[in-house]
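Listed below are the residues making up each chain.
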Amino acid sequence: MLMPVLVVVFGPVQAVPIMGIAAIMANLSRIAVWWREVDWRACAAYSATGVPAAALGAATLLSLPPRIVEGALGVFFLLMVPARRWFAARGLRLRLAQLAAIGAPIGYLTGIVVTTGPITVPIFLAYGLVKGAFIATEAAASFAVYLGKIAVFGSFGALPWNVVLDGLITGSTLMVGAFLAKRFVLKLEPGQFRLLMEGLMLVSGAAMLWTAAVS
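Let's talk about the overall build of the chain
Moving on, step 1. Regarding its fold elements, the chain presents nine helices and zero strands.
Moving on, step 2. In sequence order, the secondary structure elements of the chain are arranged as α-α-α-α-α-α-α-α-α.
Moving on, step 3. Here the C-alpha atoms of the chain give a radius of gyration of 16 Å, agreeing with the 17 Å that 2.2 N^0.38 yields for 215 residues.
Moving on, step 4. Principal-axis analysis of the C-alpha atoms gives the chain an extent of 40 × 30 × 30 Å.
Moving on, step 5. Expressed as a percentage of the 215 residues in the chain, the buried residues total 49%.
Moving on, step 6. Residue pairs in contact within the chain that sit at least 24 positions apart in sequence constitute 87% of those at least 6 positions apart.

Listed below in structure tokens is the structure:
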């Protein structure tokens, strides 16, 4: 939901590191809220390959034209909905070794397309996680991936003070939201939770394609 707004306000190049800083803070709060639900084995398997791949993807992102970044974001978000349903329709469940194998390509794409949320939703859902366990484990894996991305942005000089400040402000509001959302998430059925995630991906994808078309 947040990424299209940041792209419109700041442009895709600045929106990426701003979202990276905010995501680190937001994921820390989600881990704190759902600490007992984290599947650390799944997190470690995914992060082992996802973190270095995300760093490489972030370096690639900095060399791409902004309009291409926006269009890629939109298309990828939209494709994630049928991808999740394809997994679900066939009853496919990912194992730890498969999480590690998927971590590299998804981590690289995460470095380019900004946020791990819409990308990793079908991955961790296919592993069998829902609600608190999904939120906690995805947050822990994303936290590790974003640290790799931010390290690359810093080394390339893509973290000026104004970007850091915007990221900290955005992240502070996301941290508050994580604590406020827990009661709402606990009331959702697993099917409702999956539909909510798909709706968010569709809205984000359409918004990013619109931004790319008018830029």
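Some points on the packing of aromatic side chains
Moving on, step 1. In the structure shown here, the tally under the stated rule is two aromatic pairs.
Moving on, step 2. Ring plane angle 65 degrees and centroid distance 5.3 Å describe the contact between Trp35 and Trp40, whose orientation is recorded as edge-to-face.
Moving on, step 3. When its relative accessible area of 52% is taken as the criterion, Trp35 is described as exposed.

Topic: helix H7 (residues 131-155)
Moving on, step 1. Under the 1.5 Å per step criterion, the end-to-end length of H7 is 36 Å for 25 residues, consistent within 8% with the ideal 36 Å.
Moving on, step 2. With 18 of its 25 residues buried, H7 lies for the most part within the structure.
Moving on, step 3. Just downstream of H7, Gly157 is the residue with a positive phi angle, here 70 degrees.

Side note on the nonpolar core
Moving on, step 1. Membership of the largest hydrophobic core comes to 35 residues, with the highest contact counts inside it found for Leu99 and Phe134.
Moving on, step 2. For this core, the elements supplying multiple residues, two or more each, are helix H2 (12-33), helix H3 (40-61), helix H4 (66-89), helix H5 (96-113), helix H6 (116-126), H7 and helix H9 (190-214).
Moving on, step 3. In terms of residues, this core owes the most to one element, H7, which gives eight residues.
Moving on, step 4. Apart from the residues within four sequence positions on either side, Leu99 is in contact with Ala42, Ala45, Tyr46, Leu94, Ile123 and Tyr127.
Moving on, step 5. Membership of the second largest hydrophobic core comes to 13 residues, among which are Met25, Ile112, Ile150 and Phe153.

About the cut-offs
Residues numbered from 1 in each chain as written. Predicted model: local features only at pLDDT ≥ 70, side-chain atom pairs only at ≥ 80, totals over all residues. Heavy atoms only, no water. Helix = DSSP H or I, 4+ residues; strand = E, 2+ residues; numbered from the N terminus. Rg over C-alpha atoms; globule rule 2.2 N^0.38 Å. Buried < 20%, exposed > 50% of the residue type's maximum accessible area, 1.4 Å probe, protein only. Contact = heavy atoms within 4.5 Å. Phe/Tyr/Trp six-rings, centres within 6.5 Å; stacked < 30°, edge-to-face > 60°. Expected span 1.5 Å × (residues − 1). Core = buried A, V, L, I, M, F, W, Y, C linked by side-chain atoms within 4.5 Å.

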